[in-house]
Amino acid sequence: MGFPKRSIALNRNRTNTIHSVLQSPSVLHFPKQPYHPQVITKKATITPSPKPKTVTTTQQPPHWNLLQRAASTALDMLEGALVSRESQNPLPKTADPRVQIAGNFAPVPEQPVRHALPVSGTIPECISGVYVRNGANPLHEPVAGHHFFDGDGMVHAVSINDGAASYACRFTETQRLVQEREIGRPVFPKAIGELHGHSGIARLALFYARGALGLVDPSHGIGVANAGLVYFNDRLLAMSEDDMPYQVRITPTGDLETVGRYDFETQLGSTMIAHPKVDPVSGHLHTLSYDVVKRPYLKYFQFSADGEKSPDVEIPLAAPTMMHDFAITENFVVIPDQQVVFKLQEMITGGSPVIYDENKKSRFGILAKNATNADDIIWVECPDTFCFHLWNAWEEPESDEVVVIGSCMTPPDSIFNENDECLKSVLSEIRLNLKTGESTRRPIISEESEHVNLEAGMVNRNQLGRKTRYAYLAIAEPWPKVSGFAKVDLFTGEVKKHIYGDRKFGGEPFFLPSSSCGEEDGGYILSFVHDEKTWKSELQIVNAMNLKLEATVTLPSRVPYGFHGTFIDSKDLKNQA
C-alpha cells in the first residue's frame, strides 16, 4: 500500500479468546471483548437476524489525548452510518461473512499445547518434527463485508516425536492484529471483502483519517500473514502477499510464539508473496513482490541459503496483476502474467478493484534465476489461462521447452467476485517453447468423465524445479470443501484417490518425503481432516505409495479449513533462530 516498513518486536497478549457458532449455514456470533465462554452445541439452530449490524465503539487506549478520543468517536459514528447504509443492500456471496466463515470455516480460539493425544494406528518412525499449517481466523466479528482470505493468520501445529503427538494453535501477532485487539474491533481495511465500490473508497478514507490522527499506525505493515508457511534460514515464516513475512518460533514444548515482522536483517523493503520457492539443490529462496498502486508493479529477488538478498529485478508490467504464485526450474523462474488484474479506478464506478480483464492476453515470463535485470526475459503467450497455483515446472532442453504444471481455473476471478458459472479447476500441462515463443496446453486427466477439481497441493519438494511424475492435490469437491486428495501420475494421467470419509473434509495434502526411500513417491501425506457429523478434527497420515491410512491423531479442538503448510524436521528445529 506504499507505507514505510521496518521490523519490530511484538509482545504476546492472550487474555482474549474468541468463540463462534459451529454449524452451517449460520449467523456468526463473536462475543464482544472481553470474551466470555459460551456453550454452543453443533445441533443448535440460529436464524439470520434482519437487523443491520452496528459498529462497536472503539475501546480508547489511555494514551490517547482528548482530540484523539473525540475524533475516534466521530469516526465511529461515520462508520456506523456507512454500515447502516450498506446493510440496505445484500452482500455478494464472496463478501458475505455468513457464507465465507460459516461452519468449519468459522474461527476458533487459541489453543495452548495439549500433549499425549490419542493416536489410532502407528505413526511411522521416520516422522519426527512439527507439521504446521496456516489459515485465516478473524479475531473480531466482521462489521461489513468479509472474504475468507481476509481473516487474521493462525498457525496450527502438530508436534510428533517417537510416535507421540501434541497440538497447539496460535494467532500470528501481526501489527494489524495487535492494534485491533487493543481497540477492540476491526479497523484495518479488508482488501477483498470490503474494498468494493463507493463504500470501499469511504472505508479507505476512514482508515487514512484514523492513521493521520494517530488512532492506528499502518507504518509497520497491514498484512494478516494467513496464507503460506516456509522454513528457511532456520526460521519459520508466515506470509500473506500484502506484507513482509512474520517470524514464528516453535517452542521446546511445541507451542508457537510470534517473534515479529521479519525483514531479513533490514534487507527487505517490500512485501513478499505467500509462495516463495526453495530450490532443493542450491537452498536459495526465490520470490516475487507486487504492488497494486505504483510502479514497478512486480519485482523478483532471491535469498542465498544463509539469507543474503540479491538486488531487485524489476519486471515490466503494463498494469498491476494478481501474482499469487509462480514456479522455478533448475535455471529459470516462471512468472505468470494473467488476466486477473487490479484496477482501483473500478471502485469509483461502484465495482471491485480485482477484475478479470478479457482484453488482456495471458502469458508466462521465463527469466534466468540469477538475472540482474529483465532485459532477457522471454514472454510466451498462453491464451485464456489462469492458474491460481503452479505445482511445478522443469526444462526439456531437447525441445527448447519449459513445462509448467498448474491448475487452470475458470472463471478466473470466481474466488473474488460472485459468478453464476460453476468453478472448474483443471490440472494442466503447459508447454512454453523458448525458441518459437509458442505455447500448448492440455488437461493431464484427459477423460472428461474423470474430471475432478484439483486445487491446493504439491509435488515432492526435494525435486521442485525438476521433472516429477507425481502430484498430490486436494479434491476440491463440493467446492469450496475438500473431500479427499488425488495422487496424479503426470505422465499417464492416472488418478488414485484417498477420500476422507462420509461428511469428512480437509484441505491441502502435504507430501513429506521419506529419507529411507529412494522413490519419488516414497513418503507420507499429512492433512487436517474435520468430521462434520461429530464436529471433531484429526490429522491423517497416509502412505503416499499405496494411499493406505497409517495413523490418525485425534485433535483436542476443531481445526478450521485453511490454506498452506510445511513440515519442520526435528533436526532442523535444533538450529531454530
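Scroll up for the structure.
Residues numbered from 1 in each chain as written. Predicted model: local features only at pLDDT ≥ 70, side-chain atom pairs only at ≥ 80, totals over all residues. Heavy atoms only, no water.

### What about the packing of aromatic side chains?
Basically, it comes down to this: Side-chain rings of Phe, Tyr and Trp, where Trp is taken by its six-membered ring, are said to pair if the distance between their centres is within 6.5 Å; with planes under 30 degrees apart they count as stacked, over 60 as edge-to-face, and otherwise as tilted. Each residue is placed in one exposure class: buried if its accessible area under a 1.4 Å probe, protein chains only, is under 20% of its type's maximum, exposed if it is over 50%, and partly exposed if it falls in between.
Taken as a whole and judged by the stated rule, the model has 13 aromatic pairs. With centroids separated by 4.7 Å and ring planes inclined at 50°, the aromatic side chains of Tyr-262 and Phe-264 adopt a geometry described as tilted. As far as burial versus exposure is concerned, Tyr-262 and Phe-264 are alike and both buried. Taken together, the ring pairs connect Phe-149, Phe-386, Phe-388 and Phe-563 into an aromatic cluster.

### Section: unusual backbone geometry
The bulk of non-glycine residues show a negative phi, and the bulk of peptide bonds are trans. Applicable threshold: Secondary structure counts use DSSP, requiring at least four H or I residues in a row for a helix and at least two E residues in a row for a strand, with both numbered from the N terminus.
Arg-295 connects to Pro-296 through a cis peptide bond whose omega is -5°. Of the consecutive residues Trp-479 and Pro-480, the connecting peptide bond is found in the cis state with omega at 5°. Structurally, Pro-480 is set in the loop between strand 25 (470-475) and strand 26 (484-489). Of note in the backbone geometry, Asp-234 takes a positive phi value of approximately 65° without being a glycine.

### Things to note about the pairing of strand 27 (residues 495-499)
For clarity, the threshold we go by: Between any two strands, at least two bridges found by DSSP are needed for them to pair.
Sheet analysis places strand 26 next to strand 27, joined by five bridges and oriented antiparallel. Bridging from a neighbouring strand, Val-488 pairs with Val-495 of strand 27. With antiparallel pairing between neighbouring strands as the criterion, strand 26 and strand 27 make up a hairpin whose turn holds five residues, including Gly-493 at a positive phi of roughly 85°.

### Examining the sheet that holds strand 15 (residues 332-337)
The antiparallel open sheet is built from four strands, whose spatial order is 14-15-18-19. In the strand order of this sheet, the two ends are held by strand 14 (327-328) and strand 19 (378-381), each with one partner. Sheet topology places strand 14 next to strand 15; two bridges connect them, and they run antiparallel. In the strand pairing of strand 15, Ile-328 is matched with Val-333.

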